[in-house]
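The chain contents come next:
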Protein chains: 2
Amino acid sequence: MSKKLITRQEDYSKWYNELVVKADLAENSAVRGCMVIKPYGYAIWEKMQAELDRKFKETGHENAYFPLFVPKSLFEAEEKNAEGFAKECAVVTHYRLKTDPADSSKLIVDPDAKLEEELIVRPTSEAIIWNTYKGWIQSYRDLPILINQWANVVRWEMRTRLFLRTAEFLWQEGHTAHATKAEAIAETEQMNNIYAEFAENFMAIPVIKGTKTANERFAGAEETYCIEALMQDGKALQAGTSHFLGQNFAKAFDVKFATKEGRLEYVWATSWGVSTRLMGALVMTHSDDQGLVLPPNLAPIQVVIVPIYKGEEQLAQISEVANKLASELRSNGVSVKYDDRDTHKPGWKFAQYEMKGVPVRIAIGPKDLEKGSVELARRDILSKEIVPQTEVVEKVKGLMVEIQDNLFNRAANYRDSHITEVDSYAEFKEVLKNKGGFISAHWDGTSETELKIKEQTKATIRCIPINAEKEEGVCVLTGKPSSQRVLFAKAY
Amino acid sequence: MSKKLITRQEDYSKWYNELVVKADLAENSAVRGCMVIKPYGYAIWEKMQAELDRKFKETGHENAYFPLFVPKSLFEAEEKNAEGFAKECAVVTHYRLKTDPADSSKLIVDPDAKLEEELIVRPTSEAIIWNTYKGWIQSYRDLPILINQWANVVRWEMRTRLFLRTAEFLWQEGHTAHATKAEAIAETEQMNNIYAEFAENFMAIPVIKGTKTANERFAGAEETYCIEALMQDGKALQAGTSHFLGQNFAKAFDVKFATKEGRLEYVWATSWGVSTRLMGALVMTHSDDQGLVLPPNLAPIQVVIVPIYKGEEQLAQISEVANKLASELRSNGVSVKYDDRDTHKPGWKFAQYEMKGVPVRIAIGPKDLEKGSVELARRDILSKEIVPQTEVVEKVKGLMVEIQDNLFNRAANYRDSHITEVDSYAEFKEVLKNKGGFISAHWDGTSETELKIKEQTKATIRCIPINAEKEEGVCVLTGKPSSQRVLFAKAY
């Protein structure tokens, strides 16, 4: 913990990897591509979960739980979805091990315990859920179904990075069923709006709402809505998606309902999800070369108090002040840790809590006892000031709001100053190379052009912004007509 | 939903299966042995989770998340644990599907995507966790580690039943690491006590605390503590276990720590868990031939209000009263549903909420409008009374406590009257056959005797009760000396 991070300037990618481990968020495990989420990281994820869960329930959704495994025959039922995930799915083929006849201390797969049908570890649950909904839906009275699931999913990615891309990750996946297309689209949009609100107001991460191009759409969706954030290295990160699935899954699993008028119609579907990937977005939006920076809303510890003392007697005096402050702060809803461990020096503790992104640090030493003051440090701007003990509670309460706002504004300023309008392909490549960020450019609307640009520059269309102004122009690559700018970027 | 249940008398096992489905708790899925937990069932599980999570955190535990998969080489590291779970574990052998050359609409396992080392879907996480702890523990300063995980696990059971025994289930598993044996044993006991408190005070399920015999111990444990409940059919159900693992896993994964004095010692371990099996215990402890009976603490809906009306105008008048009552109840912390759907008749609704175990039902009809009253029905004793509207809130607040207590007492009376002391094997068999329940008998302490009794009667030793009186006696089977009675029963 005492070792410093490499700086973002020196090596952004390495900085991220080091930070995630040194801030005790997560680490790689013995299973290729799978991570261990450590208690400190998990506590942040729990705060995200609680807030999202509240928002889902507030909008009428209920939680449920569906099986981890998808039988191969169900997995392949919706063709595009199956095709989209077949190349990266973990397959269970056997259900028993036995002692190795060649070495009795070893176990081998028992060839007699082969499954009749292979099971896919869910990469996403549309197939198993729509196969279930088939039994739940007969008439319009059974609709809508508004269900969310908190679960683990597995996608056997070849290149993995903690939180950003892992073979197993945690997420929530909403799966809803509706009687009409309009209602399903409204649900899709509502959930994308909830994600945007959550990202901005709770995580202090500014996002752009948009829809994906056909190339970037979820496999099996007719339209994918998304929120796109911008990281400090100028790369975009897709932070959440909400899919309008049309009647694709209803048709694949033959899910029909009787309308009020007695006609049989296919059901309309949506699905939407955010994952532990948000932890990566959090790290890369706010943190600095000293370590993690947390918005107060997500901080497991909002205020840490560190005593600076010589000898037991001084510690006792400081502890009296510290415990009183801690208890006052707690009764004002602020989470506080008083770290009076004698196994570590104050300087070590300062560095540790800086690394872990604790928003406010209060230090109390002998001089503070004399003067009735404390030293208060803000993690977001790395500032320090002397504050009278009597003013600490009000000061901290104000800071909880101020720091949250400051982090959002700082990230929004960075993002806004990294959306560049370009009108030629030369400029496009120049901005991408020297500045990064989102490039707002005209595009002729074809997958062909999009793929060519991707091949040549590694930039993809992150989204077609919602409610963007219409503007006549010509495609930066082909010169063909275009009626709206879209956002390109290199992306995580 | 309108169809009645088979009675417990007629077929207890079928009654349970029907109830779980008809009360909308869970259903079987397309995956053999795996269940779908429906929103109503999941809402009950969420209440259990919230209360347990609170208790775990209150006692200093933190949540974290470890991988779903265990590489075979880690899985087999602790011999007894591996042996105990090898016969029922799902094995991932491949990581990709490809189009079937014989039929392009089908997918097959891609033989080129075989894993170098097979991955076991965790049946329990000691192996992967202790392999991780190895990297976290160097000195006594790193101890204790007090971690819990909420997760899904898979055990490929041949005979499955909803909640009671499923191939995949949800659970929490605590995994702690300690510097001393005494501390680890204290943790094991503490967690078993927490489970007992939770079962009795939150779920209204009386339990007996005890330890398991060597035969029934967790694979890899030195001592297994448990809580044992008694179902209405006289069969016991293990509702939670807490294991003292000694240094077995520390030795298997070479996890040592430097003591204060600088010696290197193996770490002491515990693990403890409860699962969605508790849902089965809940159903079988309280429910009756009309359906589920829920203790108020676990009821997603504590009070349902049903209007009985003819025409819109009457409904409007009733709704005014109902909404006022609902809002008053809610501001007193009671969860209320006002079911004014016009698609179903009151009788249908009554039967539905009875099936779903809603503790209190309030019906409001035209006569109640005149008299300023409501009809209030208790689900636990199936009673009805007329209550003045002005007294409803106080009445319901009282009932929330009364019903909770009544359910516990009813179950405790049943349990207590089904613990039979026997002193001969003839009596043992007679009681087991004609009465069921726990049989308190002397046993000579050998696995041989225990297995013989199991073979002959299907009864096993559920536990050696903690703090039971010492009493000299002779084993019911062998006549050999014994110093304490143990509890036998047939079990789920």
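What counts and what doesn't
Residues numbered from 1 in each chain as written. Chains lettered and ligands numbered in written order. Predicted model: local features only at pLDDT ≥ 70, side-chain atom pairs only at ≥ 80, totals over all residues. Heavy atoms only, no water. UniProt positions renumbered as here; feature names shortened; annotations may be inferred. Helix = DSSP H or I, 4+ residues; strand = E, 2+ residues; numbered from the N terminus. Buried < 20%, exposed > 50% of the residue type's maximum accessible area, 1.4 Å probe, protein only. Contact = heavy atoms within 4.5 Å. Areas by Shrake-Rupley, 256 points an atom, 1.4 Å probe, with all protein chains shown as cover. Lys, Arg positive; Asp, Glu negative; His and termini not counted. Charge placed at Lys NZ, Arg CZ, Asp CG, Glu CD. Domains from an automatic or database assignment. Pairing = 2+ DSSP bridges. Axes fitted to C-alpha atoms, helices over the stretch in contact; angles between N-to-C directions. Parallel < 35°, antiparallel > 145°, perpendicular 65-115°, else oblique. Salt bridge = Lys/Arg side-chain N within 4 Å of Asp/Glu carboxyl O. Least-squares fit on C-alpha atoms with pLDDT ≥ 70 in both. Buried area = accessible area lost by both parts, 1.4 Å probe. Polar contact = N/O pair within 3.5 Å; in protein donor to acceptor, adjacent residues only side chain to side chain. Arc of directions from axis to C-beta.

- An unreviewed UniProt entry lists chain A under the name Proline--tRNA ligase, with Gillisia lutea as the source organism.
- Entered under Sequence similarities (unreviewed entry) in the UniProt record, the comment concerning chain A runs "Belongs to the class-II aminoacyl-tRNA synthetase family. ProS type 3 subfamily."
- Reading the Function (unreviewed entry) entry of the UniProt record for chain A gives the comment "Catalyzes the attachment of proline to tRNA(Pro) in a two-step reaction: proline is first activated by ATP to form Pro-AMP and then transferred to the acceptor end of tRNA(Pro)."

1. Some points on the overall build of chain A
- Check the secondary structure of chain A and you find 14 helices and 27 strands.
- Summarising its shape, the C-alpha atoms of chain A cover approximately 80 × 70 × 55 Å along the three principal directions.
- Buried positions account for 59% of the 492 residues belonging to chain A.
- Contacts in chain A between residues far apart in sequence, at least 24 positions, make up 68% of those at least 6 positions apart.
- Just so you have it, chain A exposes about 20000 Å², and 47% of that area is on carbon and sulfur atoms.
- Separation of charge centres in chain A, based on 64 positive and 71 negative side chains, amounts to 3 Å.

2. Topic: the domain arrangement of chain A
- Per the domain assignment, the segments of chain A are domain 1 (12–72 + 124–286), domain 2 (301–399) and domain 3 (419–489).
- Its C-alpha centre places domain 1 of chain A at a distance of 39 Å from the equivalent point of domain 2 of chain A.

3. Looking at the side chain of S242(B)
- Tracing the sequence through the fold places S242(B) in strand β13 (residues 236–246).
- Among residues more than four places away in sequence, those in contact with S242(B) are T188(B), M191(B), N192(B), E223(B), T224(B), Y225(B), S271(B) and W272(B).

4. Some words on unusual backbone geometry
- The omega angle of the peptide bond from L143(A) to P144(A) is -5°, so this bond is cis rather than trans.
- Its place among the elements puts P144(A) in the loop between α5 (126–136) and β9 (145–154).
- A positive phi angle is found at L382(B), which is not glycine, with a value near 50°.
- Here L382(B) is to be found in the loop between β20 (373–378) and β21 (383–388).
- For L382(B), a relative accessible area of 41% puts it in the partly exposed group.
- Despite not being glycine, K458(B) shows a phi value in the positive range, around 70°.
- Of note, K458(B) is situated in the loop between α14 (447–457) and β24 (460–465).

5. Digging into the sheet that holds strand β20 (residues 373–378) of chain A
All names here are of chain A.
- Here five strands make up an open sheet; going across it, the order is β18-β17-β19-β20-β21 and the pairing mixed. Looking along the sheet, the strands with just one partner apiece sit at the ends: β18 (336–338) and β21 (383–388). For this sheet, the mean inter-axis angle between neighbouring strands, taken without regard to orientation, is 25°.
- Two elements, strand β17 (residues 303–307) and strand β19 (residues 360–364), share five bridges in a ladder whose sense is parallel. Bridging across to β19, P307 finds its partner in I364.

6. Thoughts on the packing of helix α2 (residues 39–58) of chain B against helix α8 (residues 277–286) of chain B
Residues and elements named next belong to chain B.
- It is the contact of α2 with α8, at a shortest axis distance of 10 Å, that shows an interaxial angle of 105°. On the basis of their axis angle, the class for α2 and α8 is roughly perpendicular. Contacts from G41, I44, W45 and M48 of α2 reach α8 at L278, M279 and L282.

7. Topic: the side chain of T224(B)
- Here T224(B) lies in strand β12 (residues 223–230).
- Once residues within four sequence positions are removed from consideration, T224(B) is found in contact with G210(B), T211(B), K212(B), R217(B), F218(B), T241(B), S242(B) and H243(B).

8. Brief notes about the pattern of salt bridges
- If you walk through the whole model with that rule in mind, you get 70 salt bridges over all chains.
- Residue K356(B) pairs with D24(B) through a salt bridge whose shortest N-O separation is 3.5 Å. Taken together, the positions of K356(B) in the loop between α10 (346–355) and β19 (360–364) and D24(B) in the loop between α1 (12–22) and β1 (26–28) put the pair 332 residues apart, joining distant regions of the chain.
- A salt bridge links R462(B) to E228(B); the nearest nitrogen and oxygen atoms lie 3.2 Å apart. Residue R462(B) is found in strand β24, and its partner E228(B) is found in strand β12; the two are separated by 234 residues along the sequence.
- Its relative accessible area of 5% is what places R462(B) among the buried residues.
- By relative accessible area, which is 0% here, E228(B) ends up buried.
- Linked by salt bridges that have partners in common, E51(A), R54(A), K55(A), E58(A) and E197(A) make up one network.

9. Section: the relation of the copies chain B and chain A
- Mapping chain B onto chain A calls for a screw motion: a turn of 180° about the axis and a shift of 0.0 Å along it, with 0.0 Å RMSD after fitting. Taken together, the rotation and translation relating the two chain copies correspond to the operation of a two-fold axis. Considering only C-alpha atoms, the residue of chain B closest to the rotation axis is V92(B), which sits at 2.1 Å.

10. Concerning the interface of chain B and chain A
- Between chain B and chain A, the residue contacts involve 63 residues of the former and 63 residues of the latter.
- With both chains or domains summed, chain B and chain A bury close to 5100 Å², and 68% of this area falls on carbon and sulfur atoms.
- The largest contributions to the chain B side of the interface with chain A come from Y65(B), L97(B) and L107(B), which together make up 13% of the buried area.
- The interface formed by chain B and chain A includes four salt bridges.
- Inspection of the chain B/chain A interface yields 30 residue pairs in polar contact (both at pLDDT 80 or more).
- Where strand β5 (residues 91–94) of chain A meets strand β5 (residues 91–94) of chain B, three bridges bridge the pair, whose relative direction is antiparallel. Across the sheet, V92(A) pairs through a bridge with V92(B), a residue of β5(B).

11. Focus on the sheet that holds strand β10 (residues 168–178) of chain B
All names here are of chain B.
- Pairing within the open sheet is mixed, and its 11 strands lie in the order β3-β9-β10-β16-β13-β12-β11-β24-β27-β23-β22. Only two strands of the sheet have a single neighbouring strand rather than two, namely β3 (62–63) and β22 (419–421).
- Note that β10 and strand β16 (residues 268–275) share eight bridges and pair antiparallel. Bridging across to β16, G174 finds its partner in W272.

12. Side note on helix α4 (residues 79–86) of chain B
Residues and elements named next belong to chain B.
- Along α4, the residues that are buried comprise N81, A82, F85 and A86. For α4, the arc enclosing every buried residue in end-on projection is 125°, short of the 170-degree limit, so these residues lie on one face. Residues of α4 that are exposed and point over 90 degrees away from its buried face: E79, K80 and E83.
- Where α4 begins, the side chain of E78 points an oxygen toward the backbone nitrogen of K80, at a separation of 3.2 Å.

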